[in-house]
Amino acid sequence: MEIVFIRHGQPAWGIDGWSQPDPHLTELGRIQAERAALRLAAEPRVINDVVVSPANRAQETATPIARRLGLVPTTISDITEIRMPDWSDTPEETVQRIFAEARHRSPDQWWEGLSGGESFRDFHDRVTGAVLSLLAERGISPDPQRKQLWSVTDEADRIAFVAHAGTNAVAIGLLLGIPPTPWEWERFILYHASFARLRTIPLAGAHVFSLRTFNDREHLDADLRTR
């Protein structure tokens, strides 16, 4: 089976200098989403399902993808991005300063997350639990005794997974059997509307997830590529 991880298009994090806690896409982000949809629709292998985070930026990215593929997307609440503190009515400049200062936290502080927000531990558990449940529904489960091996019943199944930089990075790390860090989105950097493809292959009497492409933006012209 194959999972195509798609990061949402460019969001409008700030409007008139004010932070947006659940931003919509910018006009450029909408173009990125449409280009992603066109590329997926042109591929010869059929996508069976589109799953998407409930965040506005993910929903608006998934809409043209689902439309082009003739599918109804499935929203999964637990694949939304790590939850930030409530920054409603906060100047965007202030939020950017908080993020810049937070980069210098100790590893233990990174695990705990930002004050008032979700800890990375909780975020990691939430996302990995959602991914494991999604796969279990399709007859795919980790081998309880042989690390990094998976039982797969349908190798032809193909899913478009529309979410976030952090969510997608955590999911990729899980499927590849890589121990997590509390800065997964910095270790696996995914640009707006980029693709990362993981496919199962038979190996060692079971299956493993194989990373086929990462941060793939071939559907975006150079002037449409943003981080």
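Structure: above.
Residues numbered from 1 in each chain as written. Predicted model: local features only at pLDDT ≥ 70, side-chain atom pairs only at ≥ 80, totals over all residues. Heavy atoms only, no water.

Draft legend 1. Region of interest: the packing of helix H1 (residues 27–42) against helix H2 (residues 56–69). Relative orientation of the contacting elements H1 and H2 amounts to 30 degrees, with a least axis distance of 8 Å. As judged from the angle between their axes, H1 and H2 are roughly parallel. Crossing of H1 over H2 shows right-handed handedness. Here Arg30, Ala33, Glu34, Ala36, Ala37, Leu38, Leu40 and Ala41 of H1 come into contact with H2, specifically with Glu60, Thr61, Pro64, Ile65, Arg67, Arg68 and Leu69. (Axes fitted to C-alpha atoms, helices over the stretch in contact; angles between N-to-C directions. Helix = DSSP H or I, 4+ residues; strand = E, 2+ residues; numbered from the N terminus. Parallel < 35°, antiparallel > 145°, perpendicular 65-115°, else oblique. Left-handed = near helix turned anticlockwise from the far one by under 90°. Contact = heavy atoms within 4.5 Å.)

Draft legend 2. Region of interest: the packing of aromatic side chains. Applying the stated criterion to the full structure yields 9 aromatic pairs. Plain terms: the ring middles of tryptophan 87 and phenylalanine 99 are 5.4 Å apart, the flat faces sit at 80 degrees to each other, and that makes the pair edge-to-face. Highlighted residues: tryptophan 87 in the loop between strand S5 (74–75) and helix H3 (92–102) and phenylalanine 99 in helix H3, separated in sequence by 12 residues. By relative accessible area, phenylalanine 99 is classed as partly exposed at 33%. Ring geometry for tryptophan 111 versus phenylalanine 120: centroids 5.4 Å apart, planes at 70 degrees, classification edge-to-face. Members of the aromatic cluster, connected to one another through ring pairs, are Trp111, Phe120, Phe123 and Trp185. It is arginine 105 that lies over the ring of tryptophan 110; its NZ or CZ is 4.2 Å from the centre. Over the ring of tyrosine 191 we find arginine 217; its NZ or CZ atom is 4.4 Å from the centre of that ring. (Phe/Tyr/Trp six-rings, centres within 6.5 Å; stacked < 30°, edge-to-face > 60°. Buried < 20%, exposed > 50% of the residue type's maximum accessible area, 1.4 Å probe, protein only. Lys NZ or Arg CZ within 6 Å of the ring centre and 35° of its normal.)

Draft legend 3. View of the side chain of threonine 200. Looking at the element boundaries, threonine 200 is found in strand S9 (residues 195–203). Threonine 200 gets classed as buried once you look at its relative accessible area, which sits at 4%. There is a polar contact of 2.5 Å between the side chain of threonine 200 and the backbone nitrogen of methionine 1. Residues contacting threonine 200, with those up to four places away along its chain left out, are Met1, Val152, His207, Val208 and Phe209. (Polar contact = N/O pair within 3.5 Å; in protein donor to acceptor, adjacent residues only side chain to side chain.)

Draft legend 4. Quick look at the environment of leucine 224. The topology assignment puts leucine 224 in the segment after strand S10 (206–216). Owing to a relative accessible area of 9%, leucine 224 belongs among the buried residues under this scheme. Taking the C-alpha atoms as reference points, leucine 224 and arginine 7, 217 residues apart in sequence, are found 14 Å from one another. Apart from the residues lying within four places of it in its own chain, the contact partners of leucine 224 are Leu28, Ile31, Gln32 and Arg35.

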